[in-house]
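Descriptive structure summary
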Amino acid sequence: MSSELEKINAKLLAHEEEIIKLRQGYVTTNESYIKALSTLKNLTSSASEAAKKACLAAEHAKAATDRCAKAAKEAASRSVISAAEAAVEAAHFSAEASIQAAAAASAAAAAAATAAADQAEAASLEASAEAALATKRATEAASEALRLAQAAADYVKSIKNNKS
């Protein structure tokens, strides 16, 4: 009988050790999960912020393109063709900057959306939506900047043709 009790005790000790190891594994896994969620939340927030900043950059580039286009028109109307051409070139560079900012906003929005999909947390979903909206605004600004740059180039070209 004592031999059977010893076997039962040995099995109980083995089960107890296994339960302790499982509990430790759970605690370690839970800590890792909490850390991963925190990191993912920070990533989502950073991606959203990057999209917003890229959007602002695109909008500023659009404003710069608009001013360059106006300068080109003004210079062309006063027979300063080379200055107008330089303003048109600046407008094209500004439009290109706006396009690149829109692309950066898009990449940041994609990162935020991926993080939100993985995390499925309300704050991440909101950050992803904000990043998507910033991308839309940046794309609209880039499109308008490109239109303005082309209009300035067309205007200078027409002035040059009229003077010829």
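Residues numbered from 1 in each chain as written. Predicted model: local features only at pLDDT ≥ 70, side-chain atom pairs only at ≥ 80, totals over all residues. Heavy atoms only, no water.

**So, the overall build of the protein**
On a plain count of helices and strands, the protein comes out with three helices and zero strands. Secondary structure elements in the protein, listed N-terminal to C-terminal, are α-α-α. For 164 residues, the compact-globule formula gives about 15 Å, and the C-alpha radius of gyration of the protein, at 31 Å, lies well above that figure. When its C-alpha atoms are laid out on the principal axes, the protein stretches across 120 × 25 × 15 Å. Across the 164 residues in the protein, those meeting the buried criterion constitute 29%. Restricting to contacts in the protein with at least 6 residues of sequence separation, those with at least 24 account for 85%. (Helix = DSSP H or I, 4+ residues; strand = E, 2+ residues; numbered from the N terminus. Rg over C-alpha atoms; globule rule 2.2 N^0.38 Å. Buried < 20%, exposed > 50% of the residue type's maximum accessible area, 1.4 Å probe, protein only. Contact = heavy atoms within 4.5 Å.)

**As for the pattern of salt bridges**
Applying the stated criterion across every chain, the model contains three salt bridges. The partner of Glu59 in a salt bridge is Arg137, with the nearest N and O atoms 2.9 Å apart. With Glu59 in helix α1 (residues 2-77) and Arg137 in helix α3 (residues 122-163), this pair connects stretches of sequence that are 78 residues apart. Take Arg137: its relative accessible area is 37%, and that puts it in the partly exposed class. Here Arg147 makes a salt bridge to Glu144, at a shortest N to O gap of 2.6 Å. Within this pair, Arg147 and its partner Glu144 are both found in helix α3, separated by three residues, close to a single helical turn. (Salt bridge = Lys/Arg side-chain N within 4 Å of Asp/Glu carboxyl O.)

By themselves, these are just geometric observations and shouldn't be taken as functional.
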